[in-house]
Structures are given as structure tokens and as C-alpha cells.
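Residue-level structural notes
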Amino acid sequence: MSMIQLSLNDVACSGCIGKIRKKIKRYNGIEMVRILPGSGKMEINYNEAIIESEQINSTIHKLAIRTFD
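For every chain, the first residue of its written sequence is number 1, and the numbers climb from 1 along that sequence. Totals for whole chains, interfaces and linings use all residues, but because this is a predicted model, local features are given only for residues with pLDDT of at least 70 and pairs of side-chain atoms are given and counted only at 80 or more. Excluded from the side-chain calculation are hydrogens and water; included are all heavy atoms of the structure.

A cluster of basic side chains, namely Lys19, Lys22, Lys23, Lys25 and Arg26, defines a positive patch on the protein surface. Topologically, Arg26 is positioned in the loop between helix H1 (14–25) and strand S2 (30–36). Any residue with relative accessible area above 30% and no salt bridge may belong to a patch, with like charges joined within 9 Å and the nonpolar Val, Leu, Ile, Met, Phe, Trp and Tyr side chains within 5 Å. Here the open area of atoms and residues is found with the Shrake-Rupley method and a 1.4 Å probe, where only the protein chains shown may cover a residue. A side-chain nitrogen of Lys or Arg and a carboxyl oxygen of Asp or Glu constitute a salt bridge if their distance falls within 4 Å. A positive count includes Lys and Arg, and a negative count includes Asp and Glu. His and the chain ends are not counted in either. Note that the charge is assigned to NZ on lysines, CZ on arginines, CG on aspartates and CD on glutamates. In this description a helix means any DSSP run of H or I spanning at least four residues, a strand means any run of E spanning at least two, and both kinds are numbered starting from the N terminus.

Rendered as C-alpha cells:
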């Protein structure tokens, strides 16, 4: 299992971050998603044999855009 931290500075409210967290947890290979309070970051544990960090980063970006639409 691997871990990445992604910055969510562009996402203003905690409600939006919560929506993104719930949606990303549904993806195959995502083991755990944790919001790091006060840092504007999200920590994601994932199975690198199933999903790559680039896919996760891209998905987070797309979810953030959809949240604001």
C-alpha cells in the first residue's frame, strides 16, 4: 500500500472537501482517505497495483471542478 498527500487549497469549504472525500473513497484501489485538518490537504492510502497516483490526482482535480459547477 502507498500513500500520497494532495493539496486542496482551491477547495474553499469543508462541505466540498467532504463530498470529494466520499466520492474518491468509492474508487477501486483506494484504501483510506483522510482530511488533514487546518492544512488544506488530503491523505490517501491506495493499492498501487490497482490505481496509480496520477489517476488519483487527476480524479481529485475533476471532482473539485464538478463540485463547483
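Read on for the rest.
Next up on the list: the nonpolar core. In plain words, nonpolar cores are sets of buried Ala, Val, Leu, Ile, Met, Phe, Trp, Tyr and Cys residues tied together by side-chain atoms within 4.5 Å. Relative accessibility thresholds used throughout: buried, under 20% of the residue-type maximum; exposed, over 50%; partly exposed, between the two (1.4 Å probe, protein chains only). In this structure, Ile30, Met42, Ile44, Ile56 and Ile60 are the most contacted members of the largest nonpolar core, which totals 16 residues. Within the residue set of this core, elements represented by two or more residues are strand S1 (2–7), H1, S2, strand S3 (41–46) and helix H2 (53–68). Per element, the largest residue contribution to this core is four residues, and it comes from H2. Not counting residues up to four positions away in its chain, the partners in contact with Ile30 are Ile24, Lys25, Ile44, Asn45, Tyr46, Ile51 and Ile56. When checking whether two residues touch, look at their non-hydrogen atoms; a contact exists if any pair is within 4.5 Å.

On to the pairing of S3. The element S3 is largely enclosed, with a buried count of five among its six residues. By this definition, two strands are paired if DSSP reports at least two bridges between them. Bridge count for S1 against S3 is six bridges, and the pairing is antiparallel. In the strand pairing of S3, Leu6 is matched with Met42. A loop of four residues connects S2 with S3, the two strands running antiparallel in sequence, and Gly38 in this loop sits at a positive phi of about 75 degrees.

Within a sheet, neighbouring strands are paired by backbone hydrogen bonds and run either parallel or antiparallel to one another. Taken in spatial order, the three strands of this open sheet run S1-S3-S2, and their pairing is antiparallel. At either margin of the open sheet sits one strand with a lone partner, and together these are S1 and S2. Ignoring strand direction, the axes of neighbouring strands in this sheet form an average angle of 20 degrees. Across the sheet, H1 is in contact with S2 and S3; its angle to S2 comes to roughly 170 degrees. Helix axes use the C-alpha atoms of the stretch in contact, all axes being lines fitted to C-alpha atoms, and the angles between their N-to-C directions lie in the range 0 to 180 degrees.

Here we take up the pairing of S2. Relative to S3, S2 runs antiparallel, the two sharing six bridges. Residue pairing across strands places Ile35 opposite Met42, the latter belonging to S3.

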